[in-house]
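Secondary and tertiary structure notes
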Amino acid sequence: MRLFSVLRAPAVGWRERFDCGGREVARWFPGHMAKGLKDMKNRLRVVDCLLEVHDARIPLSGRNPLLQQALGIRPHLLVLNKMDLADLTHKSRILECLRQQGLSHVLFTDCLQDENIDKIVPLITELVSNSQRYQRAENIESCIMVIGVPNVGKSSVINSLRRLHLQKGKASSVGGQPGITRAVLTRIQVCDRPLMFLLDTPGVLSPQIESVEIGLKLALCGAIRDHLVGEEVIADYLLYTLNRQQQFSYVERYRLASPCDDVETVLKSIALHLGKTRRVKVLTGTGNVTVTAPNYNGAAVDLIHSFRKGLLGKVMLD
Ligand SMILES: Nc1nc2c(ncn2[C@@H]2O[C@H](COP(=O)(O)OP(=O)(O)OP(=O)(O)O)[C@@H](O)[C@H]2O)c(=O)[nH]1
Ligand SMILES: [Mg+2]
């Protein structure tokens, strides 16, 4: 889905398509995720509602359809987290697209500022009380399974809820890398009244990521480990996105002369600006000489991290 290109006039002079160069998505899929999904299915018996967390910068792509297929017999709330990093100019259009896909319960959240976190428990309570609750109608407490692809903030949502409703500290580990939560954990209480428990789960990617471009969006959001895709490829996709959206804050941040669509040129300038260089041996006709070369990978990592911290402005990747 290309929400951005449908809604905005194309930026003139920048790449109109990203050349995926024959890359394969299958290579990026970590096999161990099938186990996570199996464990989740086994716990479904005690679950009243699914709380799916996804990245607000890719609201229309990259969700794992298997999670819905395997677990989707429960009521479902979609939380689009990291709204602080997303350009939500066309929020109502996004909500409309999701409604057309049958997703009518959607919240945008920011776990760092606890924004909209207070809306989660009332909405879940309503969804659960309007549902059949299967064989659990006699239970006064509700149990919610938190699902989603890696690194979207599933554990952070649980911690925010606990902070807000119970004034308690972190119960689930959080981290900037995908794969922080490794197994389906024990129930974590997030609220007293109503009594509500959440089950944290490991992030599970779809084994069939629809396209290389969707894979790159997931990688940019940190759902796939950087080295599996390649830092310089991710940086190139980021540059392509920033230029198309005329989001040129990277120029000032790295003191570049002007915006540029060529990743090699940009990474070279960033490396020189940051002093990220390395010594490499070059074979010449008269013997080996050691020269100083820009560290392209180091520059790419810095660019990607700046983006993930929100230092390059808000974007919409769909
Ligand atoms: N900017 C921003 N960062 C967030 C937000 N929520 C979580 N994060 C950060 O995103 C990263 C991943 O958060 P986690 O809660 O570990 O994500 P997860 O989905 O549980 O990840 P896995 O367990 O690896 O699947 C951490 O660095 C968090 O601090 C948010 O709303 N905004
Ligand atoms: Mg986690």
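What you are looking at is a predicted structure, and each value in this text was computed from that prediction instead of being measured.

The next thing to look at is the site of ligand 1. Surrounding ligand 1, one finds 25 residues, the nearest of these being Gly-153, Ser-155, Ser-156, Thr-181 and Gly-203. In terms of residues, the shell around ligand 1 owes the most to one element, helix α6 (residues 154-166), which gives 3 residues. In terms of residue class, the shell around ligand 1 is made up of 9 nonpolar, 12 polar and 4 charged.

Now for the pairing of strand β4 (residues 142-147). Buried residues dominate β4, accounting for 5 of its 6 residues. One ladder, built from 4 bridges, connects strand β1 (residues 49-55) with β4; its direction is parallel. Pairing of Leu-50 across the sheet is with Met-145, part of β4. By the bridge criterion, 4 bridges tie β4 to strand β6 (residues 196-199) in an arrangement that is parallel. Following the sheet pairing, Ser-142 is matched in β6 by Met-196.

Attention now moves to the UniProt feature "binding site: GTP" (unreviewed entry) in the protein chain. With numbering aligned to this structure, UniProt lists the feature "binding site: GTP" (unreviewed entry) at Asn-81, Lys-82, Met-83, Asp-84, Asn-151, Val-152, Gly-153, Lys-154, Ser-155, Ser-156 and Gly-203. Relative to the helices and strands, Asn-81 is located in strand β2 (residues 76-81). Setting aside anything within four residues of it in sequence, one finds Asn-81 in contact with Val-53, Asp-55, Ala-56, Thr-109, Cys-111, Val-152, Gly-153 and Val-157. Its location among the elements puts Gly-203 in the loop between β6 and α7 (212-220). Each residue touching Gly-203, except ones within four places of it in the same chain, is listed here: Gly-148, Val-149, Pro-150, Asn-151, Val-152, Lys-154, Pro-178, Gly-179, Thr-181 and Ala-223.

Once that is clear, we can look at the nonpolar core. The tendency in soluble globular proteins is for nonpolar side chains to be buried side by side. Membership of the largest hydrophobic core comes to 76 residues, with the highest contact counts inside it found for Val-146 and Leu-238. Each of domain 1 (30-199) and domain 2 (212-308) accounts for three or more of the residues forming this core. Val-146 has contacts with Leu-51, Val-53, Lys-154, Val-157, Ile-158, Leu-198, Leu-199, Asp-200 and Thr-201, leaving out every residue within four places of it along the chain.

With that settled, consider unusual backbone geometry. Cis geometry is found at the peptide bond from Arg-193 to Pro-194, where omega equals 0°. In this fold, Pro-194 is placed in the loop between β5 (187-191) and β6. At Asn-151, a position not held by glycine, the phi torsion is positive, near 70°. Relative to the assigned elements, Asn-151 resides in the loop between β4 and α6. Here Arg-255, not a glycine, exhibits a phi torsion of approximately 50°, which is positive. Examined against the element boundaries, Arg-255 turns out to sit in the loop between α10 (249-253) and α11 (263-274). Owing to 11 C-beta atoms within 10 Å, Arg-255 belongs among the exposed residues under this scheme.

Following the sequence through the fold, Glu-115 ends up in the loop between β3 (106-108) and α5 (120-129). For Glu-115 and Val-229, which are 114 residues apart along the polypeptide, the C-alpha to C-alpha distance reads 32 Å. Excluding residues that lie within four positions of it along the chain, Glu-115 makes contacts with Met-83, Thr-109 and Asp-110.

Spatially, β3-β2-β1-β4-β6-β5 is the arrangement adopted by the 6 strands of the open sheet, whose pairing is mixed. Pairing within the sheet leaves two strands with one partner each, and these edge strands are β3 and β5. Going from strand to strand, the sheet's axes swing by 30° on average, the running direction of each strand aside. Sitting on the sheet, α6 is in contact with β1, β2, β4, β5 and β6, with an inclination near 45° to β5.

Structurally, the position occupied by Asn-64 is in the loop between β1 and α3 (65-71). Given 23 C-beta atoms within a 10 Å radius, Asn-64 is considered buried. Note: C-alpha distance between Asn-64 and Val-149 (85 residues apart in sequence) is 6.7 Å. Apart from residues lying up to four places away in sequence, Asn-64 is in contact with Val-149, Val-204, Leu-205 and Ser-206.

Bringing the pairing of strand β7 (residues 277-284) into the picture now. For β7, the buried fraction is low: 0 of the 8 residues fall into the buried class. The sheet contact formed by β7 and strand β8 (residues 287-294) spans 8 bridges and is antiparallel. Across the sheet, Thr-277 pairs through a bridge with Pro-294, a residue of β8. Here β7 folds back onto β8 in antiparallel fashion, the turn holding 2 residues.

Let's shift gears to the confidence of the model for the protein chain. Low pLDDT means the predicted atomic positions in that stretch should not be read closely. Looking at the protein chain, pLDDT values average 89 and 93% of them are 70 or higher. Within the protein chain, helix α1 (residues 3-7) has the poorest average pLDDT of any element, 53, and β3 the best, 98.

Conventions we followed
- Residues numbered from 1 in each chain as written.
- Chains lettered and ligands numbered in written order.
- Predicted model: local features only at pLDDT ≥ 70, side-chain atom pairs only at ≥ 80, totals over all residues.
- Near = placed C-beta within 6 Å.
- Helix = DSSP H or I, 4+ residues; strand = E, 2+ residues; numbered from the N terminus.
- Nonpolar A, V, L, I, M, F, W, Y, C, P; charged D, E, K, R; others polar.
- Buried ≥ 20, exposed ≤ 12 C-beta atoms within 10 Å, placed from the backbone.
- Pairing = 2+ DSSP bridges.
- UniProt positions renumbered as here; feature names shortened; annotations may be inferred.
- Contact = placed C-beta atoms within 7 Å.
- Core = buried A, V, L, I, M, F, W, Y, C linked by C-beta atoms within 7 Å.
- Domains from an automatic or database assignment.
- Axes fitted to C-alpha atoms, helices over the stretch in contact; angles between N-to-C directions.
- pLDDT = per-residue confidence, 0-100.

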